[in-house]
Amino acid sequence: MEKELQYRSTIKSKPYFYLETKQLSGLIVQGLNELEINEHVINLNIFQVKSESRKKEIASTILKRLTALDTYLIDKIITSDVETSKLIVLYSILKTDRLFYEFMHEIFREKIVYRDLQLTDRDFHTYFEAKRQQSETVAEWKEYTFYKLQQVYVRILFEAGLLKNQKGNREIEIPIINPDVLDHIRNSDDGRYINVIAGEK
């Protein structure tokens, strides 16, 4: 990946944030800058959370993800059908979280390619064990970190519409992506991020 993002586990407390991302996308489309957006987040409490630090944390996470998108995709988060909108938000997470992207590339994409449409606990164990072997950083994480990462990955995929259920052998839902959005991403990117969602090589 470009810039070779570091492996991080911070997604544990910074999950999908679909509705919140849609809210901030709307503010960006209205022309607000980062300072003005943060003022909205803190003063109007648009996320409906109590602590100021949590408001800032959510806003910072979402704005970082949105910087990975161009204005066309930010607009489409608001204006396209819900399924496509959710997949664009997922795409923004893939572009900003290396460990999640590699999970989608190495495990999820392969599942769709080979029509093995169940995501099991064993799949997660296999993936995280491989990363422990490959990365000193990941090898230092506690078992609870991997437990929480699995929970969050499942929840993100479920909320994004790529899993039919969150328990047991989770059934994978093959996504349908708006062809205009798909073409736009492929024309402006190298395709690897969107291909892991679409299950293409």
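Below, the structure is looked at part by part. (Residues numbered from 1 in each chain as written. Predicted model: local features only at pLDDT ≥ 70, side-chain atom pairs only at ≥ 80, totals over all residues. Heavy atoms only, no water.)

## Section: the overall build of the chain
Per the secondary structure count, the chain includes eleven helices and two strands. Element order for the chain, N to C, with α for helix and β for strand: α-α-α-α-α-α-β-α-α-α-β-α-α. In terms of C-alpha radius of gyration, the chain reaches 17 Å, essentially the compact-globule figure of 17 Å for 201 residues. C-alpha extents for the chain along the principal axes are approximately 45 × 40 × 35 Å. In the chain, 69% of the contacts between residues at least 6 apart in sequence involve partners at least 24 apart. (Helix = DSSP H or I, 4+ residues; strand = E, 2+ residues; numbered from the N terminus. Rg over C-alpha atoms; globule rule 2.2 N^0.38 Å. Contact = heavy atoms within 4.5 Å.)

## Points about unusual backbone geometry
In this structure, N45 is a non-glycine residue whose phi angle is positive, near 50°. By secondary structure assignment, the location of N45 is in the loop between α2 (34-43) and α3 (52-66). In this structure, Q48 is a non-glycine residue whose phi angle is positive, near 60°. The topology assignment puts Q48 in the loop between α2 and α3. Judged by its relative accessible area of 65%, Q48 falls in the exposed class. (Buried < 20%, exposed > 50% of the residue type's maximum accessible area, 1.4 Å probe, protein only.)

## Things to note about the pattern of salt bridges
Within this structure, the stated rule accounts for 13 salt bridges. The salt bridge involving D123 is made with K111; its shortest N-O contact spans 2.8 Å. With D123 in helix α7 (residues 121-134) and K111 in helix α6 (residues 98-113), this pair connects stretches of sequence that are twelve residues apart. Look at D123 and you get buried, because its relative accessible area is 13%. Each of R98, E102, E106 and K131 takes part in a single network of salt bridges with overlapping partners. (Salt bridge = Lys/Arg side-chain N within 4 Å of Asp/Glu carboxyl O.)

## Re helix α4 (residues 71-79)
Three or more residues of α4 are buried, namely L73, I74 and I77. An end-on view of α4 places all buried positions within 105° of arc, on one side of the element. Looking at the packing, one finds that the buried side of α4 touches α1 (18-29), α3, α5 (82-94) and α10 (179-188). (Arc of directions from axis to C-beta.)

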